[in-house]
Amino acid sequence: MRIDVVTIFPAYLDPLREALLGRAVERGLLEIAVHDLRRWTHDVHQAVDDAPYGGGPGMVMRPQVWGEALDEVLPAGPQPARLVVPTPAGRPFTQTTARAWADEQRLVFACGRYEGIDERVLLDARARGIEVDEVSIGDYVLVGGEVAVLVMVEAVARLLPGVLGNPRSAAEDSFSDGLLEGPSYTRPETWRELAVPDVLRGGNHAAIARWRRDRALERTRDRRPDLLDALPPDALDAADRAV
Ligand SMILES: CN1CCCC[C@@H]1Cn1ccc2ccc(-c3n[nH]c(N)c3C#N)cc21
């Protein structure tokens, strides 16, 4: 997979060079290119924004600059690509989204700032046959799209073959079965007079699996009952329903 990110703050994306993702890039498991949007300005001030038509607070990002940038970074043509535009007005970005995008050959992220990007940029991309997803990482307001891109790139990249040391991690993590993950423990057996639950030290794998499922069901019911409601009818067996 190749990932391109267009932004006026390239340094915001430096964390993509660190740790797990940095190693995955070094190993050639994915490519990441970050582009400074000001590269496609032509004026001495490198202006990327202008006042909004219709008035209102703040500024809007200019279509000309974004159009030239995306013409170069995301040329229409045979190679399928998906343009992702983070916005608080977007559809929710979920683990399901991450899984779907993990199958893409190319993802291009357009990081807006100010009040956002002129709508015609998205209309033009769609008119050129490019898939455009406007997505939000949560119901709160950020200052720009860069942090959302860090979140989404990590969520997608960790699903790519070979990126995680143990492929079971991605298969078994939170949301994989529609539930939140339960509590985890490691050594020592007792810490500040708090003991690891006996079942986890007992070696009975069936009992451990049952205990973990019960804790995941309890936590999901307590913190995210909406996830329980969204499960398919046959997702919970009698033992689950007794929790
Ligand atoms: C505040 N300011 C005026 C109101 C509109 C948004 C704007 C700031 N802003 C500009 C570009 C941009 C992109 C994403 C987000 C964003 N916020 N919250 C999310 N879950 C986001 C995502 N994903 C915010 C952005």
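First things first, this report covers the structure right here in the doc. (Residues numbered from 1 in each chain as written. Predicted model: local features only at pLDDT ≥ 70, side-chain atom pairs only at ≥ 80, totals over all residues. Heavy atoms only, no water.)

Moving on, we get to the overall build of the protein. Tallying secondary structure elements over the protein gives 10 helices and 9 strands in all. The principal-axis extent of the C-alpha atoms belonging to the protein is close to 70 × 40 × 40 Å. Counting only residues that meet the buried cut, the protein has 40% of its 243 residues in that class. Taking the contacts inside the protein whose residues are at least 6 apart along the sequence as the reference set, 74% of them involve residues at least 24 apart. Here the protein has roughly 14,200 Å² of accessible surface; of this, 52% comes from carbon and sulfur atoms. (Helix = DSSP H or I, 4+ residues; strand = E, 2+ residues; numbered from the N terminus. Buried < 20%, exposed > 50% of the residue type's maximum accessible area, 1.4 Å probe, protein only. Contact = heavy atoms within 4.5 Å. Areas by Shrake-Rupley, 256 points an atom, 1.4 Å probe, with all protein chains shown as cover.)

What follows is about the nonpolar core. By size, the foremost hydrophobic cluster in this structure holds 28 residues, and its most contacted members are I3, F93, W101, F109, M152, V153 and V156. Within the residue set of this core, elements represented by two or more residues are β1 (2-7), α1 (19-26), α3 (95-101), β6 (106-110) and α5 (146-157). For this core, the element with the most residues is α5, which contributes 8 residues. Apart from the residues within four sequence positions on either side, M152 is in contact with V84, P86, F93, W101, F109, V135 and I137. (Core = buried A, V, L, I, M, F, W, Y, C linked by side-chain atoms within 4.5 Å.)

This part covers the side chain of T41. When you line up the elements, T41 lands in the loop between β2 (31-36) and β3 (49-50). Of the residues examined, T41 reaches a relative accessible area of 11% and is grouped as buried. A distance of 2.7 Å separates the side chain of T41 from the backbone oxygen of R38, its partner in a polar contact. For T41, the contacting residues outside a window of four places in its chain are Q46, A47, V48 and V65. (Polar contact = N/O pair within 3.5 Å; in protein donor to acceptor, adjacent residues only side chain to side chain.)

For the structure on display, the rule yields 4 aromatic pairs. Considering the side-chain rings of W101 and F109, the 6.3 Å spacing of their centres and the 70° angle between planes classify their relative orientation as edge-to-face. Under the relative-accessibility criterion, F109 is labelled buried at 0%. Both rings, one in Y185 and one in W211, keep their centres 6.4 Å apart while their planes meet at 55°; by these two values the pair is tilted. Residue Y185 is found in the loop between α6 (167-172) and β8 (190-191), and its partner W211 is found in helix α8 (residues 205-223); the two are separated by 26 residues along the sequence. Taken together, the ring pairs in this structure connect F93, W101 and F109 into an aromatic cluster. The ring of Y12 has R113 lying over it, and the distance from NZ or CZ to the ring centre is 5.0 Å. (Phe/Tyr/Trp six-rings, centres within 6.5 Å; stacked < 30°, edge-to-face > 60°. Lys NZ or Arg CZ within 6 Å of the ring centre and 35° of its normal.)

Take unusual backbone geometry next. A cis amide bond, omega 10°, links R187 with the succeeding residue P188. Looking at the element boundaries, P188 is found in the loop between α6 and β8. If you check the backbone angles, Y114 has positive phi at about 55° while not being a glycine. Tracing the backbone shows Y114 in the loop between β6 and α4 (119-127). Judged by relative accessible area, which is 37%, Y114 ranks as partly exposed.

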